Amino acid sequence: MGRNTDLIQHPYQPPAEFEAPQPGVYKASTVFFPNVAAMRQRDWKNKSGYTYGLHGTPTTFLLEERLCTLEGGLHAVLVPSGLAAIAQANLALLQAGDHVLIPANAYGPGKVLAQGELNRFGITHSFYDPLSLPSLEQAITPATRMVWLEAPGSVTMEFPDLPALVRLAQSRGLITALDNTWGAGLAFNPFDLVPGTAQTPLSVDVSVHALTKYPSGGGDVLMGSVMTRRDDLAQALKLSHMRLGLGVAGNDAEAILRALPSIAMRYDRQDQTARAMVQALHDHPLVRQVLHPAWPDSPGHAHWRSLCAPGSMPETAWQQGRAAGLFSLILDPSLSSAEVDAFCDGLKLHRLGYSWGGPMSLVVPYAWGALRTQRPAHLHDGHLVRFSTGLEDAQDLIDDLRSGLDALRRP
Ligand SMILES: *Cc1c(COP(=O)(O)O)cnc(C)c1O
């Protein structure tokens, strides 16, 4: 044999009896078959075999299984971003002529996707007020096929009555799809929303998760998952995933697998830090409103309490349950936009940047026009600034915001 042939066809065997904390990482586009019969027989859809890198590797199958353990699903597909997960669920489960409902406070790029691609493919959409059951009820048309849910809504953080919305949607035969990025499988169980109350758990049909956020935890990986317990939906998701040519890189899957064991610890730490910040700053004279679902006056707080801190008393709920390390403040309307921009620019520890769940604290000022067609009455007039807490020491983050706010206060 020539040297190149020997080099490529070397008699490598993977190590046996090498059990270790982290699983081995497998990367492949091509997967070999021992013979043509095996090539024709193998089926990737039920994970009984490997056929091609895009259809799954031991590493991606393992990550799918661990995510199912985290969120309580049975089947999952991995896609290159959280937004791709929203797109994948829409494209797999809807068709031309269908209508889809989206909460008015949903993750912005998901709305833009509906206005762009879904619209072009003949799938119509409308928005409903997630704090109002009648709003959802009135928005359902004979063409409605799926309802998106998000708890809480991105940026404005209103927490909906998720069990009630799911019951209503299911009573109309609609598919329920939850963006579960905030809950991350930790704050509540999307596939068992009211534990122990019924023989068949009250469950969303589909959960999408931006793994970019807490599962990665590093601010350095983009990935998303789409998960379900329903075999029929799993089949549709997997076939569409294959036809669209979606897949994720082995190194990225490895990064998520490496970070998953610490997800609950990071989530709880960022939760505690965010609550300490809210507690310290809510009565600052320039703060008009605190938007954090565990904060008693935040819109939908009672819904958060019953889902994420069940059994807690209203007086003590603030110290209980789970919430992501995210909150928004509405700052005094007498400030100018330039002053609010200067406040954000001037923060030392909060970097300007999108996303959350990583080690560094972030800040983004939002313009109302980018969030809603109209500011709802439950949100105060003023400038909305969204904070995502990192893993820094809480007191340093509090000092950073306080000195920024104090600098804004007029003499
Ligand atoms: C970040 C985010 C997404 C999108 O995730 P990417 O990986 O950034 O595309 C979707 N939904 C929510 C709620 C998010 O916060």
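You'll find the structure just up there.
Here the residue numbering is sequential within each chain, running from 1 through the sequence in written order. Predicted model: local features are reported for residues with pLDDT of at least 70 only, side-chain atom pairs are reported and counted for 80 or more only, and whole-chain, interface and lining totals are derived from all residues. Hydrogens are left out, water is left out, and the side-chain values use all remaining heavy atoms of the structure.

Draft legend 1. Broad picture of the nonpolar core. Here, nonpolar core means buried Ala, Val, Leu, Ile, Met, Phe, Trp, Tyr and Cys residues that are tied together by side-chain atoms lying within 4.5 Å of each other. Burial classes: relative accessible area under 20% of the type maximum marks a residue as buried, over 50% as exposed, and values in between as partly exposed (1.4 Å probe, protein chains only). Membership of the largest hydrophobic core comes to 86 residues, with the highest contact counts inside it found for L63, L149, W182, F188, W304, F343 and F387. Under the DSSP-based scheme used, a helix requires at least four consecutive residues in state H or I and a strand at least two consecutive residues in state E, with every element numbered from the N terminus. It is helix α10 (residues 263-281) that provides the largest number of residues to this core, a total of 7 residues. The contact criterion used is simple: two residues touch if any of their non-hydrogen atoms lie within 4.5 Å. Every residue in contact with F387, bar those within four places of it in the chain, is listed here: G325, L326, F327, L329, F343, L347, H350, L362, V363 and L401. Counting residues in each nonpolar core, the second largest holds 27 residues, with I86, V100, A114 and M146 among its members.

Draft legend 2. Region of the structure containing the site of the ligand. Neighbouring the ligand are 14 residues; G82, L83, D179, T212 and K213 lie closest to it. The definition of a polar contact used here is a pair of N or O atoms within 3.5 Å, where within protein one atom must be able to donate a hydrogen and the other to accept one, and adjacent residues in sequence count solely through side-chain atom pairs. A distance of 2.8 Å is found between an oxygen atom of the ligand and a backbone nitrogen or oxygen belonging to L83. With respect to the ligand, the side chain of T212 contributes an N or O atom lying 2.5 Å from an oxygen atom. Starting from 380 Å² of accessible surface for the ligand in isolation, the protein chains cover 90%. Counting residues per element, the shell around the ligand draws most heavily on helix α4 (residues 82-93), which supplies 3 residues. The residue makeup of the shell around the ligand, split by class, is 6 nonpolar, 5 polar and 3 charged. Put simply, a residue is near a molecule or strand once any heavy atom of it comes within 4 Å of that molecule or strand. Exposure was quantified through the Shrake-Rupley algorithm and a 1.4 Å probe, taking into account, for residues, occlusion by the shown protein chains and nothing else. When residue character is reported, Ala, Val, Leu, Ile, Met, Phe, Trp, Tyr, Cys and Pro are called nonpolar, Asp, Glu, Lys and Arg charged, and the others, Gly included, polar.

Draft legend 3. Fine view of the pattern of salt bridges. One side-chain nitrogen of Lys or Arg within 4 Å of one carboxyl oxygen of Asp or Glu is enough to make a salt bridge. Within this structure, the stated rule accounts for 9 salt bridges. A salt bridge links E117 to R120; the nearest nitrogen and oxygen atoms lie 2.7 Å apart. In this pair, E117 and R120 both sit in helix α5 (residues 108-120), 3 residues apart, roughly one turn of the helix. Accessibility expressed as a relative area gives 33% for E117, which makes it partly exposed. By relative accessible area, R120 is classed as exposed at 58%. Residues joined by salt bridges that share partners form a network here, namely D205, R230 and D232.

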